[in-house]
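# Examining the three-dimensional arrangement
One letter stands for each residue in the lines below.
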Amino acid sequence: MGNADAQAPSSSDNGIKLPGSKNAKVTEVYKHALPGIPGKSIKGVMVEYGPGGYSPSHTHAKSAIIYATVIEGAVRTQVNEGPVVTYQTGQNWTEMPGDHHRVSANASETQPARIHAVFVVDDADTELTISDKR
């Protein structure tokens, strides 16, 4: 059952808070080397927003392709200069290498929201999310 190369944080892992975020936490929930593609991994990240929570404007690791799905609530997001879009539970979007994630926020002031983001990324890119410099 499972694979020795797969890793997950311990159950006591409470995630991290990105500088500039409010009522938001990010937890890596799995990572696995991609078979036959040396130097590439797939990583699963859970982003949890409390009511009114948000993450700061940011980019991701330069090699990252991200597929994000809302698994609870609704989130507002803006990638690059595109429109601000509200995604509901079950809806998803993709971010490509170099994209700028300008808005990432819970759409509700009263209910929580959660996103599951799947990253395909170079192993050398250890920092997945880089907040904009202010």
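Residues numbered from 1 in each chain as written. Predicted model: local features only at pLDDT ≥ 70, side-chain atom pairs only at ≥ 80, totals over all residues. Heavy atoms only, no water.

## A look at the overall build of the protein chain
The line we're drawing: Helix and strand definitions here come from DSSP, where helices need a minimum of 4 consecutive H or I residues and strands a minimum of 2 consecutive E residues; each element is numbered from the N-terminal end. Two residues form a contact once any of their heavy atoms are found within 4.5 Å. Per-residue accessibility takes into account occlusion by the displayed protein chains alone, with areas from the Shrake-Rupley method and a 1.4 Å probe.
Helix and strand counts for the protein chain come out as 0 helices and 10 strands. Excluding contacts between residues fewer than 6 apart, the proportion of contacts in the protein chain whose partners are at least 24 apart in sequence is 66%. Accessible area of the protein chain: about 7,500 Å², with a carbon and sulfur share of 54%.

## Structural notes on the pairing of strand β5 (residues 74-79)
For clarity, the threshold we go by: Strand pairing is defined by DSSP finding a minimum of two bridges between the two strands.
Here β5 runs beside strand β6 (residues 85-88); their pairing, made up of 4 bridges, is antiparallel. When the sheet's bridge partners are listed, arginine 76 is paired in β6 with threonine 86. In this structure, the hairpin formed by β5 and β6 is closed by a connection of 5 residues, where asparagine 80 is found at a positive phi of approximately 55°. The sheet contact formed by β5 and strand β8 (residues 100-106) spans 5 bridges and is antiparallel. Bridge pairing in β8 places threonine 77 opposite serine 104.

## Quick word on the environment of glycine 73
Looking at where glycine 73 falls in the secondary structure, it is placed in the loop between β4 (65-72) and β5. A C-alpha to C-alpha distance of 4.4 Å links glycine 73 and alanine 113, two positions 40 residues apart in sequence.

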